[in-house]
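Now for the letters of each chain:
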Amino acid sequence: MQDLEYLEKQFAEEWPQVGDSGALQSLKDRWLSRERGLLSLEMKKLGQLDKEARPAVGSRLNQLKLQFTERLEALQQSIREKEERQRQLRETVDIHLPGKPALCGHVHPLLQVKDEIESAFMRLGFTLFDTPEIETDFRNFEGLNIPRDHPSRDSQDTFFLGGDHLLRTHCTGVQIHAMRQMQPPMRVIATGKVYRRDNPDATHSPVFYQCDGFAVGKNITLGDLKGTLEAALRELFSPDIQVRLRPSYFPFVEPGAEVDISCIFCSGAGCRICKDSGWIEILGAGMIHPRVFEHVGYDPLEWTGYAWGMGIDRIAILKYGIDDIRLLYENDMRFLSQF
Ligand code: DAH
């Protein structure tokens, strides 16, 4: 009985020192384990006692076992709660801390300009038409009245793919696609990549972007063309630019024109960019050639139309004052992150 009293005191000293579930498990093993627990060892000693002493010691032992078990269960409960509180505290998000900035991409400057050009013309009533980068000789050349001996048909300039196919050298083939698929009148634009066998330098790239557009209807005039281009170019650059047409030649238009805007850098006074002329050439345009209408089965006496084509890279370069077209294709983050 004295031994048991000693054990009770011992236990009373030990349990308050337990602070976490690991220490609690050790304490449990030490006192209550069936095999090696201190109480079990006492139980095993019962047989060595006098018969008269056994019941009292046995019942005292059972009492202690029950008492210790209850004590440890209560302890386990409070330790569990304490550890759960600590865990929640550890995992709480401090909403006052500044957030980590997310690395976020954005639209490439070239595609930003492409979007702007598309919206400018779509607001004027043009429909966006998607055409393939792989074209037939007919849609890229023949149907557009480009003669057999025209320099752009040279293998020096065109990526031929074998058979009748090639990588489009301009987006102008949209005229053939759209006029064959739809009934006039129509106003259509197409944008996308075009390919030419140029060696890359500050002003050339073997792949670049174009926007072509055209309108077909009755009694369409050069004045309609000029008004349309003026509205779109003023939206793209600035409301006070001037637009002028200079006679020029493209096989698929008659008459054909090169279109200039007043220099956006010097407002026409003359500078290095406009080579002191006050004007910057920006696109090619004209009235759709009767032979193009014939190729798609439209009566050129009944239908009239205008068309234009422009380089999107060139517009981007002018808008942002970029001096090398290759920057638009190199994906250098130091360059791209400025836009
Ligand atoms: N296709 C021409 C080029 O790539 C641009 C062009 C000029 C398109 C005059 C036209 C046009 O529709 O009328 O240089």
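Keep in mind it's a predicted model, so treat the numbers as computed, not measured.

Basis of the calculations
- Residues numbered from 1 in each chain as written.
- Predicted model: local features only at pLDDT ≥ 70, side-chain atom pairs only at ≥ 80, totals over all residues.
- Heavy atoms only, no water.
- Helix = DSSP H or I, 4+ residues; strand = E, 2+ residues; numbered from the N terminus.
- Buried < 20%, exposed > 50% of the residue type's maximum accessible area, 1.4 Å probe, protein only.
- Contact = heavy atoms within 4.5 Å.
- Expected span 1.5 Å × (residues − 1).
- Near = heavy atom within 4 Å.
- Polar contact = N/O pair within 3.5 Å; in protein donor to acceptor, adjacent residues only side chain to side chain.
- Nonpolar A, V, L, I, M, F, W, Y, C, P; charged D, E, K, R; others polar.
- Pairing = 2+ DSSP bridges.
- Axes fitted to C-alpha atoms, helices over the stretch in contact; angles between N-to-C directions.

Peer 1: I'd like a description of unusual backbone geometry, backed by residues and values.
Peer 2: The omega torsion across P184 and P185 is 0°, close enough to zero to call that bond cis. When you line up the elements, P185 lands in the loop between α7 (174–181) and β5 (186–195). Look at the link from E254 to P255: it is a cis peptide, with omega at -5°. Position of P255 among the secondary structure elements: in strand β8 (residues 253–262). Of note, N145 is a non-glycine position whose phi angle comes to about 65°, a positive value. Relative to the elements of secondary structure, N145 occurs in the loop between α6 (137–140) and β3 (160–162). Among the residues examined, N145 registers a relative accessible area of 15% and is labelled buried.

Peer 1: Tell me what's going on with the environment of A232, and back it up with residues and numbers.
Peer 2: By the element assignment, A232 lies in helix α8 (residues 222–236). C-alpha separation for the pair A232 and M122, spaced 110 residues apart in sequence, amounts to 9.7 Å. Among all residues touching A232, those that are not within four sequence positions of it are A120, F121 and L124.

Peer 1: Please set out helix α5 (residues 109–123) residue by residue, giving values where relevant.
Peer 2: Across its 15 residues, α5 extends 21 Å between first and last C-alpha, which sits within 8% of the 21 Å expected from 1.5 Å per residue. Within α5, the full set of buried residues consists of P109, L110, V113, K114, I117, E118, A120 and F121. Immediately beyond the C-terminal end of α5, within one or two residues, lies G125, with a positive phi of roughly 100°.

Peer 1: An account of the site of the ligand is requested, with residue identities and associated values reported.
Peer 2: Around the ligand, the surrounding shell holds 15 residues, and the nearest of these are H170, T172, R196, Q210 and V253. A distance of 2.9 Å separates an oxygen atom of the ligand from a polar side-chain atom of R196. Elements that contribute at least two residues to the shell around the ligand include exactly β6 (207–217), β9 (279–288) and β10 (304–311). Looking at the shell around the ligand residue by residue, the classes come out as 6 nonpolar, 7 polar and 2 charged.

Peer 1: Describe the sheet that holds β3, listing the residues and the values that go with them.
Peer 2: Neighbouring strands of a sheet are bound in pairs by backbone hydrogen bonds; such pairs are parallel or else antiparallel. Read across the open sheet, the 3 strands follow the order β2-β4-β3; overall the sheet is antiparallel. Each edge of the open sheet is held by one strand with a lone partner, namely β2 (134–136) and β3. If you compare each strand with its neighbour and ignore which way they point, the axes differ by 35° on average. In this sheet, strand β4 (residues 165–167) lies alongside β3 in antiparallel orientation, the contact comprising 2 bridges. Residue pairing across strands places F160 opposite L166, the latter belonging to β4.

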